[in-house]
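Listed here are the chains, written in short residue letters.
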Amino acid sequence: MNDMNYNPLTPFIKGELRIDELRGLIRYHDDKYYGNASPEISDYEYDQLMHELLHLEDEHPELIREDSPSRRVGGQPLKEFATIPHTIAMLSLDNTYSYDELRDFDIRVKKLLGREEIEYTVELKIDGVSASLIYHQGEFQQGVTRGNGMEGDDITWNLRTIRSIPLQLNESMDIEVRGEVYMPVKGFEAFNQTRDVPFANPRNAAAGSLHMLDPKQVAKRPLSIFIHSLGNVPNWTIPTQEQSLCKLQGLGLVVNPYHRLCQGIDEVITYCQECEKLRPDLGYEIDGTVVKVNSLEFQKRLGVTSRSPRWAVAYKFTAQQATTILKDIIIQVGRTGALTPVAILEPVELAGVKISRATLHNEDEIKRKDIRINDRVVIERSGDVIPKIVGVLPAAEGRNAPFIFPTTCPECGAMVIRLEGEARSFCSGVNCPAGRQRRIEYFASKGCMNIEGMGTSVVKQLLEEGIIEDIPSIYTLRKNGDSA
DNA sequence: ATTCTAGGGA
DNA sequence: CCCCAGAATT
DNA sequence: AATTCTGGGGTCCCTAGAAT
C-alpha cells in the first residue's frame, strides 16, 4: 500500500493516473470482497480509497465516468420508492420438507414430461431478500424488489452500493437476472457492534437495509448478492440452467459456487445432504436447497402455476425448535366474523426472533393437538418464518382442563355459529365492533381503496370517538373544525 | 428524545 | 412469509 | 381423486416519518 501515495507527476496528470489506478484498485477489492473470499484490505482502507477517488473526481469532474465505482453511491436521498411492474412475475417456490416429498416432485415432473429420468440442478437456498436486476446494453439500469410478485419497489440506488453487483457486465447485452441479497454473518456481527440496537438476524437486517431512502447509509451495510436465475431475457440461446449459471458468472455476476448437476432424484438427495453439512461453515445463512429441472425447454413445457413454477422446488432443512409455556389462548375476530384462536406464549428466542404468539387456526386444531393453557409446548418457525406449535410436551403434574371454545363472541357477546361440516366458527353479531373495524380497515387498505393514513389504529380511534360508524361514513369525514 | 403508526419484506 | 379451508378445475 | 386457485387469517423485524 506504500506506493499508492507516492507520485511525482504534475497535479493534473497525477489526478488522472491516480483516478484510473484507484478505480482499478477498488474494482479489484470489490471482486475479492463478496462471498467468502477473504478481503485483502479492511473496510476502513477501502473507504479511504473510495474517499480519495471521490475527492479527485470532485476536482476533475470531466473525468467522471458512469461506470466508475464512485458512482455506486448516488447523490440525494430518495423521497420514496417508485413502483415498477415486473415483466415476468417474481414467483415464490413450492416447498418440500422431506426427501419423500422431493421424490413426489420428481414423480410429478416425470409424469408431466413423459420421461424416465430427469436432469436437475441443486443450488443453495440463500436466506435473504430477492431482487430483480435489469441490465441494458451491459449497464446496470434498474433493480426491483419482489413486492407482491407483479410489481415491486425501485431500489436501484440501494443495489448500486452493493459491491458484488457489477455496474457493467463483461458483455453489452440486455438481460434481467434475479438473485438473493443477503448479509454475511461476519458482516452482520461486525455491523451490530456499531449499533446501539443490534439487528435480530441477518435476513431482517438485509431486508431493512434495502428500504433505506439514503443510499449512502445502505453503502455502509455489509450486503452482498448471489444471482441464481434469469428474468426477462430475449433470445437466450443457452439451453440449461447449469450452463446459464456459468454464463451469468462469465458476465461478471456473482453466482454461488455450490451448485450441482444431478442425474435423477437420488443424486439430488445425496447433494442436498452434502449441502446441509456445508451449512455451518458457509459464512451466510441458507434455509435449504433449490432443485430445478435443468433443461430450460422442459421448464417451459412444465410452466408455472399462479404461485410457483412447476419445474422447481425448495427443499427446506428441518427447522430449529424451542419449548415454552402456553400462557393463554385468545380469540380474535376477523372482518368476516371468523373467530381465530391464537396462542399467547412465554416469549422465547428462536432462529433470531422472539416468539410470543402463534395461530391455532380453529377449534379442531386445538383438540387435535390437545393443547391446553399452561402446557409446555414445542414450537418452530415453519419455512423459517411463521411460528407454529408442533405439539405438547408431556406434563409432570396435572394439566388444566381442555380448552373450551367460546359459544359467544368475546367482542360482542353474540352467539357463535359453527356450521355442520365446517372448520371455522363465526360471530353471528351483525354489528360486532371487532368485525366492523376489520371491514373498515380492509376497505381502506392498500389492496382496496388505498386510503392513506387509515390503518388499524386510526380506524379504531375514529370508531371509538363515534366519528365514523361504517364504510359509507368515511366519505363524509371532514377536517377538524369544518362542518359537513 | 422517545414512542407510535404505516408499510414492506420473509 | 406459512397454513387452512372450500371451491373450481382437471 | 388429485391438483390448483382463491381468500382469509396468522407472526416478527425493520425503516421512515409523525406525534408526543
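Residues numbered from 1 in each chain as written. Chains lettered and ligands numbered in written order. Predicted model: local features only at pLDDT ≥ 70, side-chain atom pairs only at ≥ 80, totals over all residues. Heavy atoms only, no water.

(A) Region of interest: the nonpolar core. Among the nonpolar cores identified, the biggest contains 37 residues, and Leu133, Tyr135, Leu159, Ile175 and Leu248 are the most heavily contacted of them. Breaking this core down by element, the ones donating at least two residues are β4 (129–136), β7 (175–182), α5 (185–193), α6 (202–209), β8 (224–230) and α8 (241–250). The element best represented in this core is β4, accounting for 4 residues. Beyond its immediate chain neighbours, meaning those up to four positions away, Leu133 contacts Phe140, Gln142, Leu159, Ile165, Ile175, Glu176, Val177, Ile225 and Ile227. (Core = buried A, V, L, I, M, F, W, Y, C linked by side-chain atoms within 4.5 Å. Buried < 20%, exposed > 50% of the residue type's maximum accessible area, 1.4 Å probe, protein only. Helix = DSSP H or I, 4+ residues; strand = E, 2+ residues; numbered from the N terminus. Contact = heavy atoms within 4.5 Å.)

(B) Molecular detail of the packing of helix α12 (residues 433–444) against helix α13 (residues 456–464). At a closest axis distance of 9 Å, the pairing of α12 and α13 adopts a crossing angle of 130 degrees. Here α12 is positioned oblique relative to α13, judged by the angle of their axes. Judged by the sense of rotation from one axis to the other, the crossing of α12 with α13 is right-handed. Where α12 abuts α13, its residues Arg436, Gln437, Ile440 and Glu441 lie against Thr456, Val459, Lys460 and Leu463. The residue makeup of the contact of α12 with α13, split by class, is 3 nonpolar, 2 polar and 3 charged. (Axes fitted to C-alpha atoms, helices over the stretch in contact; angles between N-to-C directions. Parallel < 35°, antiparallel > 145°, perpendicular 65-115°, else oblique. Left-handed = near helix turned anticlockwise from the far one by under 90°. Nonpolar A, V, L, I, M, F, W, Y, C, P; charged D, E, K, R; others polar.)

(C) Representation of the protein's contact with DNA strand B within the structure. If you check the shell around DNA strand B, you find 17 residues, and the closest are Ser130, Thr145, Arg203, Lys446 and Ser457. The sugar and phosphate moieties of DNA strand B supply 89% of its atoms located within 4 Å of the protein. Within the side chain of Lys446, an N or O atom sits 2.4 Å from a phosphate oxygen of DNA strand B. Within the side chain of Ser457, an N or O atom sits 3.1 Å from a phosphate oxygen of DNA strand B. Of all elements in the fold, only β4, α6 and α13 reach the threshold of two or more residues within the surface near DNA strand B. Considering every element that reaches the surface near DNA strand B, the biggest residue donor is α13, with 3 residues. (Near = heavy atom within 4 Å. Polar contact = N/O pair within 3.5 Å; in protein donor to acceptor, adjacent residues only side chain to side chain.)

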